[in-house]
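Understanding the architecture of this molecule
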Amino acid sequence: MKKQSFLFVSCDEAQHICDKAQYDEASPWEKFKLKIRLSYCKITRAYYKSNTMLTKRIKESKVECLDRASKKNMKKELDKAIKKQVN
Amino acid sequence: MPKHEINPNKWIDLYSDYLYNYTIARISDREVAQDLVQDTFLAGLKSMKNFKGEASERTWLISILKRKIIDHYRKINSNKGKAEVRINYRDEETEGDWLEERVADPFDKTAEDTMQNSELGDAIYNCLSKLPEKQADVFKMKTIQGIETEVICNELNITASNLWVIIHRARTAMADCLKENWF
């Protein structure tokens with residue numbers, strides 16, 4: 001098994017940290033390791049760029065969606081209506 | 001032979017979020033928006049026989065929803081005694097075939113930003129509709145609703161590392177999909 005480096009992270013790990021950072025779930029130490037990786041890895045940089053852009057666009061759009069409970073209720077009502085229509 | 005088929009059993013899973021987002025961009029009251037989406041599904045169910053399959057199910061449901069939104073504004077306006085919107089296509093036969101008269105668009109909020117936000121919202125939902133169902137669900141819960149990782153994991157019965165793998169795949173696919181026009 002490959003030993004994990006104290007300071008250097010793999011590309012996959014850097015992308016995982018980048019994902020977590022979009023939700024403010026990356027620790028300061030993880031962010032630091034991501035920064036180091038960004039300084040020399042083109043692939044991580046490209047991922048970081050499109051990932052942060054995605055977060056920006058989602059925020060800008062102000063999209064919303066229904067919560068699960070509302071959806072469940074809606075489904076219940078529609079199912080009832082479908083059954084009624086069939087009978 | 002019709003190109004598109006209709007299946008009301010899948011409407012909630014496939015279109016409820018899209019319709020809700022469409023409505024909330026035009027009516028800021030969440031409760032009203034939710035009611036209008038529900039009414040749209042019920043109206044769609046009643047007038048299923050009018051679905052010709054020429055447009056997609058989603059487009060057809062949106063045309064019903066648009067009418068519901070206009071009706072909502074008419075109701076508000078008539079309560080204020082200043083109704084400005086007229087619709088002449090109101091019989092059961094034309095439900096879902098709604099044509100727009102030359103009237104002021106009640107949900108045109110004029111600001112270019114609003115229009116762009118709504119276009120971006122549509123683009124996001126189009127991309128979301130291309131994701132596998134579970135990926136789309138997890139992405140929506142985490143990114144749009146901002147639900148905590150632990151809560152999502154409990155609700156969907158997945159581990160945190162599962163969740164991050166799903167999120168990573170969803171984010172990569174979403175970024176690829178939006179890249180062409182929005183990045």
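Note that the coordinates shown come from a computational prediction; the quantities given were computed from them, not determined experimentally.

1. What to know about the packing of helix α4 (residues 68–86) of chain A against helix α1 (residues 11–24) of chain B
Orientation of α4 of chain A relative to α1 of chain B, taken along the N-to-C sense of each, is 125°, at an axis distance of 11 Å. Judged by the angle between their axes, α4 of chain A and α1 of chain B are oblique. α4 of chain A and α1 of chain B meet at a crossing whose hand is right-handed. From α4 of chain A, K71, M74, K75 and L78 of chain A reach across to α1 of chain B, where they touch W11, I12, D13, S16 and D17 of chain B. Among the residues forming the contact of α4 of chain A with α1 of chain B, the class breakdown is four nonpolar, one polar and four charged.

2. A word on α4 of chain A
Between its first and last C-alpha atoms α4 of chain A spans 26 Å; for 19 residues at 1.5 Å apiece the expected length is 27 Å, and the two agree. Turning to α4 of chain A, its buried residues number three or more, namely S70, K71, M74, L78 and I82 of chain A. Down the axis of α4 of chain A, the buried side of the element spans an arc of 105°, and every buried residue falls inside it. Exposed and facing more than 90 degrees away from the buried side of α4 of chain A are K72, K76, K80, K83 and K84 of chain A. Taken together, the buried residues of α4 of chain A touch α1, α2 (30–46) and α5 (133–144) of chain B.

3. A few points about the UniProt feature "domain: RNA polymerase sigma factor 70 region 4 type" (unreviewed entry) in chain B
When the UniProt feature table is mapped onto this chain, "domain: RNA polymerase sigma factor 70 region 4 type" (unreviewed entry) is found at residues 122–174 of chain B. Segment residues 122–174 of chain B splits into 83% helix and 0% strand. End C-alpha atoms: 13 Å apart.

4. Considerations on a negative patch on the surface
On the surface, D29, E31, D35 and D39 of chain B cluster together to form a negatively charged patch. As for its position among the elements, E31 of chain B is in helix α2.

Here is what the cut-offs are and how they apply
Along every chain, residues carry numbers that run from 1 in the direction the sequence is written. Written order decides the labels, with chains lettered from A and ligands numbered from 1. Two thresholds apply to this predicted model, a pLDDT of at least 70 for residue-level local features and 80 or more for giving and counting side-chain atom pairs, whereas whole-chain, interface and lining totals are computed over all residues. Here the side-chain values reflect all heavy atoms present in the structure, with hydrogen atoms and water set aside. With axes taken as lines fitted to C-alpha atoms, and helix axes fitted only over the stretch in contact, angles between N-to-C directions fall between 0 and 180 degrees. Comment: elements are numbered from the N terminus, with helices defined as DSSP H or I runs of at least four residues and strands as E runs of at least two. What sets the label is the angle itself: under 35 degrees gives roughly parallel, over 145 gives roughly antiparallel, 65 to 115 gives roughly perpendicular, and the rest give oblique. Each crossing is labelled by how the near helix is turned from the far one, with a counterclockwise turn of less than a right angle marking it left-handed and a clockwise turn marking it right-handed. Whether two residues are in contact is decided by their heavy atoms: any pair within 4.5 Å suffices. Each residue gets one label: Ala, Val, Leu, Ile, Met, Phe, Trp, Tyr, Cys and Pro are nonpolar, Asp, Glu, Lys and Arg are charged, and the others, such as Gly, are polar. A helix is expected to span 1.5 Å multiplied by its residue count minus one. Using a 1.4 Å probe on the protein chains alone, a residue whose accessible area is under 20% of its type maximum counts as buried, one over 50% counts as exposed, and one in between counts as partly exposed. As used here, the arc is the angular range of directions from the helix axis to the C-beta atoms. UniProt positions are given in the numbering used here, feature names are shortened, and annotations may be inferred rather than shown by experiment. Like charges are joined within 9 Å and nonpolar side chains (Val, Leu, Ile, Met, Phe, Trp, Tyr) within 5 Å, but only among residues with over 30% relative accessible area and no salt bridge; these make up the patches. Accessibility throughout is a Shrake-Rupley quantity obtained with a 1.4 Å probe, and a residue counts as covered only by protein chains that appear here. Here a salt bridge means any side-chain nitrogen of Lys or Arg lying within 4 Å of a carboxyl oxygen belonging to Asp or Glu. Only four residue types enter the charge count: Lys and Arg as positive, Asp and Glu as negative, with His and the chain ends excluded. Taken as the charge centre is NZ of Lys, CZ of Arg, CG of Asp or CD of Glu, depending on the residue.

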